[in-house]
Amino acid sequence: MTELIAYLHDCPIVSRHRPWPRVELAAERWRALVARLPQEEWELFALWGEPGVVHMCLRDPAPGTLAVLSLATRDGRYPSVGGARPGALRMERAARDLVGLEPEGLADRRDWLDHGAWPARWPLSAAPIAAVPRRPTDYAFLQVDGEGLHQIAVGPIHAGIIEPGHFRFHANGETVVRLEERLGYVHKGTEKLMQGRTVDEAAKLAGRISCDATVAHAIAFARAVEAALDMRAPARADALRGLMAELERIANHLGDFGAICNDAAFTFLQAEATTLREDVLRVCGPAFGHRLMMDAVVPGGVAAELSADGARAIHELVRHIGPRFDALVTIYDDKPSLLDRTLGTGVLVPHLAQRFAAGGHVGRASGRSFDSRKSP
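Cut-offs and rules
Residues numbered from 1 in each chain as written. Predicted model: local features only at pLDDT ≥ 70, side-chain atom pairs only at ≥ 80, totals over all residues. Heavy atoms only, no water. Pairing = 2+ DSSP bridges. Helix = DSSP H or I, 4+ residues; strand = E, 2+ residues; numbered from the N terminus. Axes fitted to C-alpha atoms, helices over the stretch in contact; angles between N-to-C directions. Buried < 20%, exposed > 50% of the residue type's maximum accessible area, 1.4 Å probe, protein only. Arc of directions from axis to C-beta. Contact = heavy atoms within 4.5 Å. Phe/Tyr/Trp six-rings, centres within 6.5 Å; stacked < 30°, edge-to-face > 60°. Patch = residues over 30% accessible without salt bridge, like charges linked within 9 Å, V, L, I, M, F, W, Y side chains within 5 Å. Areas by Shrake-Rupley, 256 points an atom, 1.4 Å probe, with all protein chains shown as cover. Salt bridge = Lys/Arg side-chain N within 4 Å of Asp/Glu carboxyl O. Parallel < 35°, antiparallel > 145°, perpendicular 65-115°, else oblique. Left-handed = near helix turned anticlockwise from the far one by under 90°. Nonpolar A, V, L, I, M, F, W, Y, C, P; charged D, E, K, R; others polar. 1 Å grid on protein atoms, 1.4 Å probe; cavity = no way out; pocket = protein on both sides within 12 Å on 5 of 7 lines; lining within 4 Å. Points joined across faces, edges and corners; volume = space filled by probe spheres on them.

### Notes on the sheet that holds strand 11 (residues 175-182)
- In space, the 3 strands of this open sheet follow the order 9-10-11, with antiparallel pairing throughout. Two strands close off the open sheet at either side, each with one partner strand: strand 9 (150-154) and strand 11. Recorded for the sheet is a direction-independent mean angle of 20° between the axes of neighbouring strands.
- Note that strand 9 and strand 10 (residues 166-172) share 5 bridges and pair antiparallel. Note that in strand 10 the partner of His150 across the bridge is Ala171.

Below is the structure:
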């Protein structure tokens, strides 16, 4: 295996690009790299576009380094990456919908974010064009043929308070042969809204991409601004950001634990887990000025200091929430009917987790060691 940075050593480096190197590739070098991807362990972290340019971020897991690769497109066209890294397929479809970049050889040519209701096609391109209205239902879901198969459609409106999404299940009894989802129903155009804004205004928009991950998005945006300006947040602010991110993570994990139990028709555990999540949010409110800690992280640092009372409340939360959650896990483990519906369901085998560079608890549950808290 070749180290990513060594492989790119002879490519022109874009100056003042921080914190990771960015190199410019010629079309043939891009094609050669895409052809090499199946033999390398380099992980695709992101693919996106802007007018006339497509960018790809790869991570070399051995040294833990990242690099951004840029290609000036020819008439808005570039060689598709999706055949070598399937995780690129939706990113390429999104870049096509937003910027109008055309991936040559893209296996799935359906629109992804654009459901036919936007007033313009390619809204982030240099020259958006008027859209031809079309019905959102004009979407060709993949088909599965076989004896005993039936199709179940779910959504896009759901009973719970979650993002709208349409799901097509092809099943044979209890076995799901194919699950295909269509998202993008509440695409807000945040990137377009950020254009022309001040840094402070854009930071507020970043924190509102997803309210229950406002800290994560705000930290990502703040770090991008700080890298561009070649500055560092104070050590105290960095520590408070980490504390807020962990509280957000704990609250979300508690909510997901309860939701899984609810999906398996065990509502008692959902109610108890939701109570614990509420305990976390009630501490975050006084400590950081907002239950979800919205606008608490800003480029350059944090919006407010943590008071002594807030610190004591967090210590007390940690002291009591651990034993209470352990008790819920014991109840979970002692319910065979619940375990029958959850154990062995939705297993992601390690090689697929690696191939798609799955992050977070999904990746770690499937054997990946990557953790953004260790490698921000």
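### A look at helix 5 (residues 199-206)
- By the burial criterion, the buried members of helix 5 are Ala202, Ala203 and Ala206. Down the axis of helix 5, the buried side of the element spans an arc of 105°, and every buried residue falls inside it.
- Taken together, the buried residues of helix 5 touch helix 4 (190-194) and helix 6 (214-228).

### With respect to the packing of aromatic side chains
- Taken as a whole and judged by the stated rule, the model has 7 aromatic pairs.
- Plain terms: the ring middles of Trp30 and Tyr78 are 6.4 Å apart, the flat faces sit at 85° to each other, and that makes the pair edge-to-face. Here Trp30, found in helix 2 (residues 27-36), pairs with Tyr78, found in strand 5 (residues 77-79); they are 48 residues apart in sequence, far enough to count as distant.
- Its relative accessible area of 0% is what places Trp30 among the buried residues.
- Both rings, one in Phe257 and one in Tyr332, keep their centres 5.9 Å apart while their planes meet at 45°; by these two values the pair is tilted. Residue Phe257 is located in helix 7 (residues 235-263), and its partner Tyr332 is located in helix 9 (residues 308-333); the two are separated by 75 residues in the primary sequence.
- For Tyr332, a relative accessible area of 15% gives the class buried.

### Digging into a nonpolar patch on the surface
- A contiguous nonpolar patch, built from Val347, Leu348, Val349, Leu352, Phe356 and Val362 and spanning about 470 Å² of accessible area, is present on the exposed surface.
- Classification of Phe356 as partly exposed rests on a relative accessible area of 42%.

### Observations concerning the packing of helix 5 against helix 6
- Interhelical geometry of helix 5 versus helix 6 gives an angle of 150° and a closest axis separation of 8 Å. Between helix 5 and helix 6, the crossing angle belongs to the class labelled roughly antiparallel. Helix 6 is crossed by helix 5, and the crossing has right-handed handedness. Contacts from Val199, Ala202, Ala203 and Ala206 in helix 5 reach His217, Phe221 and Val225 in helix 6.
- Considering only residue class, the contact of helix 5 with helix 6 consists of 6 nonpolar, 1 polar and no charged.

### So, the pattern of salt bridges
- In the structure shown here, the tally under the stated rule is 32 salt bridges.
- Salt-bridge contacts for Glu104 lead to Arg31; the nearest nitrogen and oxygen are separated by 3.6 Å. With a gap of 73 residues between them, Glu104 in strand 6 (residues 102-104) and Arg31 in helix 2 connect regions that are remote in the sequence.
- Take Arg31: its relative accessible area is 34%, and that puts it in the partly exposed class.
- Between Glu316 and Arg319 there is a salt bridge whose closest N-O contact spans 2.6 Å. In this pair, Glu316 and Arg319 both sit in helix 9, 3 residues apart, roughly one turn of the helix.
- In this structure Glu316 comes out as partly exposed when scored by relative accessible area, which is 39%.

### Observations concerning the sheet that holds strand 4 (residues 65-72)
- The strand order 1-4-3-2 describes an open sheet built from 4 strands, whose pairing is mixed. Bordering the open sheet on either side are strand 1 (22-25) and strand 2 (43-50), each of which pairs with just one other strand. Sheet twist, expressed as the average angle between the axes of neighbouring strands with direction ignored, equals 25°.
- The pairing of strand 2 with strand 3 (residues 53-60) spans 7 bridges and is antiparallel. Across the sheet, the residue bridging to Glu43 is Arg59, located in strand 3.
- Where helix 2 meets the sheet, its contacts fall on strand 1, strand 3 and strand 4, and the angle it forms with strand 4 comes to roughly 135°.

### Here we look at the layout of surface pockets
- Computed from the structure, the second largest pocket encloses a volume of approximately 430 Å³.
- Lining the second largest pocket are 16 residues, with Pro86, Leu89, Arg90, Glu181 and Phe356 positioned closest to its centre.
- Counting only elements with at least two residues in the lining of the second largest pocket, the list comes to helix 3 (88-99) and strand 11.
- A breakdown of the residues in the lining of the second largest pocket according to their chemical character gives 8 nonpolar, 1 polar and 7 charged.

### What to know about the environment of Asp75
- Mapped onto the elements, Asp75 comes out in the loop between strand 4 and strand 5.
- For Asp75, a relative accessible area of 77% translates into the label exposed.

### Points about unusual backbone geometry
- The amide bond that connects Arg18 to the next residue, Pro19, takes the cis arrangement and shows omega of 0°.
- Here the residue pair Gly155 and Pro156 is connected by a cis peptide bond, since its omega of 15° sits within 30 degrees of zero.
- Considering the arrangement of structural elements, one finds Pro156 in the loop between strand 9 and strand 10.
- Its identity as a non-glycine residue notwithstanding, Asp75 has a phi of 55°, on the positive side.
- Look at Ala357: it is not a glycine, yet its phi comes out positive at around 50°.
- Since its relative accessible area comes to 14%, Ala357 is described here as buried.

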